[in-house]
Each structure stands twice: as C-alpha cells, then as structure tokens.
Amino acid sequence: MLSRADNSATFAVGAALAFFFLGGLLTTVVPPMVDKSWSRPAPGLKKYTPEQLKGRAIYVREGCWYCHTQQTRTLVADTKRSGWKGVDSPISTPDEFVYDTPHMFGTKRTGPDLSRVGGKYDTQWHKTHFRNPRDLVPGSIMPPFPWIADKPEELGALIAYIQTLGRAKDWRPDQDYEK
Amino acid sequence: MPETSGAGVRPTNAVPDTAPPVHTDTTAKWFLISSISYFFIVGIIALTIAAKFCWPELLGTVPYLTYGRLRPLHVNGMLFGWLLACDMGLTYYIVPRLCGVKLFSEKLGVATAVLWNVIVLGAVVSLMAGWNHGFEYAELPFPLNLLVVVAWVMYAINIFGTIIKRKYEQMYVSIWYFMGCILWTTFVYPTGNFATDFATGVNQANLNWMYVHNAVGLIFTPIGLGIAYYFLPKSAETPLHSHRLSMIGFWALAFVYVWTGAHHMLHGPISQWLQTIAITFSVMLLIPVWAVVYNFFATMKGQWQQLRENVPLKFIMSGIVFYLLTCFQGPMHSLRSVNAIVSKTDWIPGHAHMALLGCFSFFAIAGTYYIVPRMWNTKLHSEALANWSFWFFMIGGLGFFVTLWLGGFWQGWQWNNPSIPFIDTVKALQPVWLVRFFSGILMFCGIVSFAYNIMATVIGRREYAQ
C-alpha cells in the first residue's frame, strides 16, 4: 500500500479520506444515535425565555466562557466546589444542556465553574460584581464590565441567564437562596 | 529500519534540487510578508492579555479591549493570521520545487493572499466588536467563515493543480502532508464552523471538539510537518533518513487523529464509552509522533555540529523536540487520573503554546529564514540577529511553558482539595502569571528581531548573482 500511495495521487487521496471518514463518522454521527440522553431534555429543564437568551448572547459576546466552565464533572472536588451549604452538587448530565447553542461547557477555569451558580447570589451582588469584581472579592482577576452594569436591560438579561444555570436539577437544600 | 533510498530512479529521500523552471514566488512573498506583520501585531495583543492576568483593571473600561474579546483575537490572529498564512506561503514555495514545475497560477495565488488579508482584518473588527460565534477556534462570524472556505478552495486548486502537472512521478513526503492537510481541512473546517449550528448541547460540543482537536492535528500538524520534512534535509544539506518511515508516520497520523476529539471533555457530561475511545486513540498518537521524531534525529546523525551555526536548523530541531514533548503530554493528559489534575488549569495553555509556538511556529520561522533570502536573491540582513531571535523565542518560550506547567499542576492540586477557597487558588497563581508575562516580553523580542530581520533583508537587499 505504501508504494502504491507513493506514486498515485488518486489512491493517496482516496485512502486519506477513507481513514478520515471512518473515524470522523464513528465519533461524531454515531454517538448521538446511540446515546439518546444527548437530545432528550431533563425533566426539570426549561426553555430559555427571550430575556435569558439575550443574557446568554451577552455571555457569548463578552467571552465569559474563556474563563468559566459550565460542567460539574465526575470528580468529588467538582461536586463539592459546585455545592452549596455543605450539600454536594449533582454531576452535570447531557440532558441538562439540550437547549444550549452555542454550548458553553468551556475549557478553562480561570474563574470558578458556573454550572450550578443559578440562585447562589442575588441581583445586587451580581450588579456590584460586574461593575468591579474586586469590590466584592479582593484578589479576583475577573475583568470589570461597567458597560453592562450601566445598562439596566443588559444587566437584567445577563443576570436572568446566570440564574438559570444548573436549575434543571432541584438540589439546593433550602429554596430562599436568592435574597 | 535505516534505509537509504527509495525507488532508485531518483533518491526519494533527497529533496530534489534542480529547478529548471523560473519561479517568481509572488504568492509566497505576499503570504509571508502579511503573516509576519500579523505575527507582530497579534504579539501585542498577546502581551496585553497576559498583562490583564496581573493587572485585571488594565484597559478595563473599554469594551473592545476586554479580555473576553482580545483572547479570541489573539488565538485566531496567531492561528490564521500568522501561522496558517505563513505555512501556506511556504507551501507555495515548496510544492512547485518538489514537482519540478511552476506554480499552477500565480494570479490565483495573489488573489488568495488578498482574500486572506480581508478575512484577517474582518476578524479583527468583528471579534473586537463582540461578534463572536461562540465556539473555540471557530469564533469567526458566518460571512468570514464562507470567505475562508472560498480562499481554501482557491488554495487547493493551486496546490493540486501544481501536483497534477508534476514532472517527478514519485511524491516526496512533504507533498503527502500538504495534500492530507488540504483534504482534511475541507471537511474539518465546515464541521467546526457550520455543522455545529445544526446541533445543540453535548452533541454540538462533540462536533466542536472534533474540529478543535483536528484543527491542530489535521491542519497545523500535517502542513507543519510537511514543511519541516522539506527544510530539515535542505538546511542540513543531508538526505532524509528514511522515506518509508515518513510514510508510516503519515498513514498512522491519518488513521489515529480524528478519533480523539472527546478527550476534551473527559470526566464531563459526555458518554463514558466515547471518552474511552478518545483516550485509546490519544495514546496511539504516540506511534506517528515517534516515527517523525526518530526520522528527524536519524537524519541529523553525524550532522549535529551544524546546529552551532545554522539558525534554520536550530529552529527545526528545537521544534521537533517540542513536538515530541507536546505529543507526549497530550496522550498523558488524556489518562483519566492525570486529566483530573491538569484539565481546565493553566497547564493547558502551557501545552498549547508549546505545540503552536514551540513546534509549528518554529518550523515556519525556520522556513522563512531559509527562503526569504533565496526568493529575493540576496543574503539575510543579519545572521547574528537571527541567532538572537532564536534565543529570545527559546528562553521566553521555555519560561512560558515551564512556569505554566508547574503553576497549572499546583493549581489543579489545590482545586482537588475543596477546603481551599477558589479565590485563594487565584491569588496563589499571581507570581506564575507575572513570570508568564515577562516570558511573553522575551518572546515578543523574538518576534520583533525576526520581523525586523526579514524586513531589512527585503527592503535593504543587494542582489547577489547566485
């Protein structure tokens, strides 16, 4: 095969594409057909409202996702860090994300994971935090976002989106966390 | 294993040299000049975002310059404005020479270069405006994606058109890699930039990671290796150790790479069996890597003394060492136990920069130093400055990689102890980020001395009869 491919561009092209499609199709097209939980929404999952979608677009626009992940992984430390008042957070499952596009799983945790942050802080906290994170958390390196904090409808939308994160699973020990 | 020649007609492992056709190289020149300019400009962006880790309020009130908009600009600018454009420019030089014919069409090539510049400038404007598609490595908005596809087709026509006309029947391994790159990219790029829009959630993420991984594995790796395979024997003036081994490396790469995308979501909300497949194939990546690295080292046998003087060779050989290290790290990260520590930490940018700066940019720089004096029929402005640029990149790069590995590992270790508040793990990394910033300054000095040297070579050239 090596010498055939060596002298015939057609053969080489065919072989290179065959290898590619074998791996490509088996790892991208087949999995969602095998694993239905990728497309079946979790029982508690709600569709985003127009306001929340607007907030989500701001999250995409400002690149929050370069510093924050949205996945509680199958690691004990993750469930504890996403947890609240001593209660471990449930692990993230595919069915919690079926309405997400673009997905915001993220790859880097310069800041903490946000997969269960919905309901952790109230509106006032977020408002102060977006204006300048260091006013609330000294030592933070999160950028200030005064242009969002100054625009009530953007701020409202972004906070509305943040409060949806992780709500598909009802796990918080007491319900009045938003005060 | 050692094997000295191929079919016998013409030694396949000696890069053919005789070039009867007169190459004008207009396209290659355009691509190189613009890519080096972006290397410089985007280098400033890189320093800015590194500084923001140390001084988060820097430029903090300007929306266009916030971290979340400059970071994609840095990544896309370096990947597509600098590295891919430089690599393409080098292939416009290499392929006609390996085929013994003129480039299929210089006009088409120049048009491609112009279009490429339009895309990069469009990317700068749209990313700063916050018009972000929302996928890593696929941030560009839809109209620009379309232009990329058009440019890529133009590029493919030119390269394949040249290969079809070739005078030498047997194809040197570099041509293999370029053909692979062009073909795979034709499918990988639309998967990451268009197909993702038709999926959501985990399914979409899986497509996204397939693209991200293969942007590196099936775009930058084959084109970069093809370039190194050409310039190593050229600049060392010695035949490649084994043509056959290079083919084994190529086909192993073709088979293994595409399966590994899901390793970006290990421990995450994605099916366990898919994670296991990704891990298995990630470990198998060691095979093609070993084939390449062995071949390069065996080629250098008896030639090591050349490293003292020969700047392109220095870049290529340190690039290959970084390639080995990166590709050793990659499979290790994909092991579940290691992944639980290093994933999502600052280790990862250390790893990514070693691949794209330490390895593939080093290859591109080597090629540029080699061909620019030849294309303009002159001598390099300053060998000493070129040597300086090497050491700036090398020391800055090592400072960057090593501090981020140590810092990232430590960070991951702390995260796995939930009794440490998150903000303390941020404060703990401050010194690491400061060292990273200063390493970045050294790397930037490398860019400046490289770019200046090339500029002075071109502008202040004296023609030499060769």
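For clarity, every value in this text was computed on a predicted model and none was experimentally measured. (Residues numbered from 1 in each chain as written. Chains lettered and ligands numbered in written order. Predicted model: local features only at pLDDT ≥ 70, side-chain atom pairs only at ≥ 80, totals over all residues. Heavy atoms only, no water.)

Some points on the overall build of chain A
Rules: Only DSSP runs of H or I reaching four residues or more are called helices, and only runs of E reaching two or more are called strands; each is numbered from the N terminus. Classification of residues uses two cut-offs on accessible area relative to the type maximum, computed with a 1.4 Å probe and protein chains only: under 20% is buried, over 50% is exposed, and between them is partly exposed. By definition in these notes, contact holds between two residues if any of their heavy atoms fall within 4.5 Å. Each accessible area value is a Shrake-Rupley result obtained with a 1.4 Å probe; residue values ignore everything except the protein chains displayed when judging cover. None of His or the chain ends enter the tally, which takes Lys and Arg as positive and Asp and Glu as negative. Working definition for charges: the position is that of NZ of Lys, CZ of Arg, CG of Asp or CD of Glu.
Counting its regular elements, chain A contains eight helices and zero strands. Order of helices (α) and strands (β) in chain A, N terminus to C terminus: α-α-α-α-α-α-α-α. Looking at the 179 residues of chain A, the share that counts as buried comes to 56%. In chain A, of all internal contacts separated by at least 6 residues, the share reaching a separation of at least 24 is 71%. Carbon and sulfur atoms form 62% of the exposed surface of chain A, whose accessible area is close to 7800 Å². Taking the average place of the 24 positive charges on the side chains of chain A and the average place of its 19 negative ones, the gap between the two points comes to 2 Å.

Description of unusual backbone geometry
Residue Pro102(A) is reached from Thr101(A) by a cis peptide bond, and omega for that bond is -10°. Of note, Pro102(A) is situated in the loop between helix 5 (76–81) and helix 6 (123–131). Residues other than glycine seldom take positive phi values, yet Lys344(B) does so here, at roughly 70°. You can see Lys344(B) is positioned in the loop between helix 11 (336–342) and helix 12 (347–375). Assessed through its relative accessible area of 2%, Lys344(B) is described here as buried.

Remarks on empty space enclosed by the protein
Counted only if it meets this: Put plainly, a pocket is an open set of points on a 1 Å grid over the protein atoms alone with protein on both sides within 12 Å along at least five of seven lines, a cavity is a set where a 1.4 Å probe fits but cannot get out, and a lining residue has an atom within 4 Å of a point. Grid points are joined across faces, edges and corners, and a volume is the space filled by probe spheres set on the points.
Applying the stated rule across the entire model yields six cavities of 30 Å³ or more. Here the second largest cavity is characterised by a volume of approximately 70 Å³.

What about the environment of Asn295(B)?
All names here are of chain B. Looking at the secondary structure, you find Asn295 in helix 9 (residues 286–300). What makes Asn295 buried here is its relative accessible area of 0%. Between the C-alpha atoms of Asn295 and Ser246, which are 49 residues apart in sequence, the distance is 7.0 Å. Those residues in contact with Asn295, other than ones at most four positions away along the chain, are Tyr229, Leu240, His241, Ser242, Leu245 and Ser246.

Concerning the nonpolar core
To keep things clear, this is the line we draw: We call a set of buried Ala, Val, Leu, Ile, Met, Phe, Trp, Tyr and Cys residues a nonpolar core when their side-chain atoms join them within 4.5 Å. For the domains described, the bounds stem from an automatic or database domain assignment.
By size, the foremost hydrophobic cluster in this structure holds 198 residues, and its most contacted members are Trp82(B), Trp116(B) and Tyr323(B). Built from parts of two domains, this core gets at least three residues from each of domain 1 (2–34) and domain 2 (50–162) of chain A. Not counting residues up to four positions away in its chain, the partners in contact with Tyr323(B) are Thr221(B), Leu225(B), Val289(B), Val292(B), Val293(B), Cys359(B) and Phe360(B).

Thoughts on the interface of chain A and chain B
Threshold: Buried area adds together the accessible area that both of two parts lose upon being put together, with accessible area traced by a 1.4 Å probe. The term salt bridge refers to a side-chain nitrogen of Lys or Arg lying within 4 Å of a carboxyl oxygen of Asp or Glu. In protein, a polar contact requires one atom able to donate a hydrogen and another able to accept it; more generally it is a pair of N or O atoms within 3.5 Å, and residues adjacent in sequence count only if both atoms are side-chain atoms.
Contacts between the two partners involve 72 residues from chain A and, on the opposite side, 84 residues from chain B. Interface area, chain A with chain B, both sides summed: about 6700 Å², of which 67% is carbon and sulfur. Where chain A packs against chain B, one counts three salt bridges. Where Glu62(A) meets Arg69(B), a salt bridge forms, and the shortest distance between an N and an O atom there is 2.8 Å. For the pair chain A and chain B, the interface holds 21 residue pairs in polar contact (both at pLDDT 80 or more). Elements represented by at least two residues in the side of chain A that touches chain B include exactly helix 1 (2–7), helix 2 (9–28), helix 3 (30–34), helix 4 (50–61), helix 5 and helix 7 (146–149) of chain A. Among the elements that make up the side of chain A that touches chain B, the one with the highest residue count is helix 2 of chain A (15 residues).

Description of the domain arrangement of chain A
According to the domain assignment, chain A consists of domain 1 (2–34) and domain 2 (50–162). Taking the mean C-alpha position of each, domain 1 of chain A and domain 2 of chain A sit 40 Å from one another.

Describing the packing of aromatic side chains
Operational definition: Paired rings are identified among Phe, Tyr and Trp, the last through its six-membered ring, by centres lying within 6.5 Å, and are further divided according to the angle between planes into stacked (under 30 degrees), edge-to-face (over 60) and tilted (the rest). A ring has a charge above it when a Lys NZ or an Arg CZ is no more than 6 Å from the ring centre and no more than 35 degrees off the ring normal.
Summed over all chains, the structure comprises 59 aromatic pairs over all chains. Taken together, a centroid distance of 5.6 Å and an interplanar angle of 70° make the contact between Phe145(A) and Trp147(A) edge-to-face. Take Phe145(A) and Trp147(A): they sit in the same class, and that class is buried. Relative to Trp391(B), the ring of Phe390(B) lies with its centre 5.0 Å away and its plane at 80°, an arrangement referred to as edge-to-face. According to the relative accessible area criterion, Phe390(B) is buried, its value standing at 4%. In this arrangement the basic side chain of Lys29(B) is found over the ring face of Trp376(B), its NZ or CZ atom lying 5.0 Å from the centre. Over the aromatic face of Tyr370(B) sits the side chain of Arg374(B), whose NZ or CZ is 3.7 Å from the ring centroid.

A word on the confidence of the model for chain A
For clarity, the cut-off: pLDDT gives the predictor's per-residue confidence on a scale running from 0 to 100.
Summing up the model confidence of chain A, the mean pLDDT is 92 and the portion of residues at 70 or higher is 96%. Per-element confidence in chain A is highest for helix 4 of chain A, whose mean pLDDT is 98, and lowest for helix 1 of chain A, whose mean pLDDT is 72.

Structural notes on the pattern of salt bridges
Using the criterion set out here, one finds 15 salt bridges over all chains in the structure. In this structure, Arg56(A) and Asp100(A) form a salt bridge, with 3.4 Å as the shortest nitrogen-oxygen distance. Here Arg56(A), found in helix 4, pairs with Asp100(A), found in the loop between helix 5 and helix 6; they are 44 residues apart in sequence, far enough to count as distant. Asp100(A) matches Arg56(A) in its accessibility class, with the two residues each being buried. When salt bridges with common partners are traced through the structure, they connect Arg61(A), Glu62(A), Glu154(A) and Arg69(B) into a single cluster.

Topic: the confidence of the model for chain B
A low pLDDT means the predicted coordinates there should not be read in detail. Residue and element names in this part refer to chain B. The share of residues in chain B with pLDDT of 70 or more is 95%, and the mean pLDDT across the chain is 93. Every residue in residues 1–11 scores below 50 in pLDDT, and together they form 21 contacts with partners more than four places removed in sequence or on other chains. For this predicted complex, the interface confidence comes out at an ipTM of 0.95, alongside a pTM of 0.94.

A short note on the environment of Tyr211(B)
Residue and element names in this part refer to chain B. With respect to the helices and strands, the residue Tyr211 is situated in helix 6 (residues 201–236). Along the primary structure Tyr211 and Glu136 are separated by 75 residues, whereas in three dimensions their C-alpha atoms are 9.3 Å apart. Once you skip the residues sitting within four places of it in the chain, Tyr211 turns out to touch Phe80, Glu136, Tyr137, Ala138, Val188, Tyr189, Gly192 and Asn193.

Structural notes on the environment of Ala149(A)
All names here are of chain A. Relative to the helices and strands, Ala149 resides in helix 7. A C-alpha to C-alpha distance of 5.5 Å links Ala149 and Arg131, two positions 18 residues apart in sequence. Setting aside chain neighbours within four positions, we find Ala149 in contact with Lys127, Arg131 and Leu155.

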